[in-house]
Amino acid sequence: MWVQMAEANLRLSEMTLITAADGRDMLGQLTPLGVETINDRSALRFQGNKDVIPVVGTASDTLDVSRTDSAQINLWVDTEFNVISRLLLEATVGEGDEAMHMSVMIEYYDFNTDITITAPDVADADAGGESGDEPVAEADLRGPVSQLLGFNLLLPSGSNVETVAGDAMVVATTPYTFDEAQNWLELNLVQGGYAQTTKIGPANDQVTYIFQNDVQSVSIIVAPDGAGGTRIQWVVTP
């Protein structure tokens with residue numbers, strides 16, 4: 001899946017359950033096993049069992065290996081750059097023929113080098129479809145919040161759209177905390193061409209915004225959803 005946007009505002013924690021930052025935080029509890037070669041580079045290997053692996057992930061998608069029968073994590077730290085170059089997490093639930101095994105490996109490379117990302121060519125709307133398929137309109141490829149606001153707003157992983165009222169209102173829940181949701185909205189609305197004209201709160205456990213562009217005004221209410229995330233309501237007027 002490719003996503004193109006004006007600013008790199010995707011968070012790695014939304015795209016993978018365990019990150020290099022998680023590994024860094026547990027390094028002091030791991031056992032060093034010696035130097036190995038990873039992708040033609042020297043790296044020091046560390047290992048630990050499930051007792052040292054914390055609950056990781058996001059509010060909507062977590063990984064808790066304490067529920068497994070066995071688990072092990074291995075980290076390789078590049079000896080020159082002192083950064084994690086490989087992360088391997090393995091876990092097993094059950095025993096014998098009914099055992100379920102999980103293995104996740106992430107590799108990091110090209111440290112301190114220039115990286116060029118080339119997006120794939122945009123396919124035709126009806127490319128790859130079966131004979132007789134109708135092309136999909138661009139607006140149909142966007143979520144209801146994006147259609148409401150007039151620009152592509154990527155909701156965080158784990159969000160859920162609760163209510164869509166025509167072209168006037170959308171209500172959704174997100175895994176973001178109260179503060180994270182406010183920062184996310186303020187950044188993305190401005191990048192999407194809106195100007196923030198009003199911010200009221202926090203008051204009564206909610207914040208109310210008004211953003212405007214040349215076409216419309218949008219009122220946004222942000223409040224905790226009672227489950228660690230937030231509930232956001234967007235209402236637009238011409």
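Before reading further, recall that the structure is shown in the block above.
First, a word on scope: everything that follows refers to the structure included in this document.

Parameters and conventions
- Residues numbered from 1 in each chain as written.
- Predicted model: local features only at pLDDT ≥ 70, side-chain atom pairs only at ≥ 80, totals over all residues.
- Heavy atoms only, no water.
- Pairing = 2+ DSSP bridges.
- Helix = DSSP H or I, 4+ residues; strand = E, 2+ residues; numbered from the N terminus.
- Axes fitted to C-alpha atoms, helices over the stretch in contact; angles between N-to-C directions.
- Contact = heavy atoms within 4.5 Å.
- Buried < 20%, exposed > 50% of the residue type's maximum accessible area, 1.4 Å probe, protein only.

### Here's the deal with the sheet that holds strand β11 (residues 206-212)
Within a sheet, adjacent strands bond to each other through the backbone by hydrogen bonds, running parallel or antiparallel.
Now for step 1: Read from one edge to the other, the open sheet built from six strands follows the order β8-β9-β13-β12-β11-β10, with strand pairing classed as antiparallel. Lying at the two open borders of the sheet, with one neighbouring strand each, are β8 (160-165) and β10 (195-203). For this sheet, the mean angle separating the axes of adjacent strands, direction not counted, is 15°.
Now for step 2: As defined by bridge partners, β10 adjoins β11 across six bridges and the pair is classed as antiparallel. Of the residues in β11, the one forming a bridge with alanine 195 is glutamine 212.
Now for step 3: Helix-sheet contacts for helix α3 (residues 178-191) involve β10, β11, β12 (217-224) and β13 (230-237), and the interaxial angle to β11 is about 5°.

### Concerning the pairing of strand β6 (residues 84-93)
Both faces of the sheet carry side chains from a regular strand, because those side chains alternate between them.
Now for step 1: Of all ten residues that make up β6, eight are buried, and the element is covered over most of its length.
Now for step 2: Pairing of strand β5 (residues 70-78) with β6 involves eight bridges; the strand directions are antiparallel. Each residue of the ladder has a partner; that of isoleucine 73, found in β6, is leucine 89.
Now for step 3: Between β5 and β6, which pair antiparallel and follow one another directly, the connecting turn spans five residues, one of which, asparagine 82, has a positive phi of 60°.

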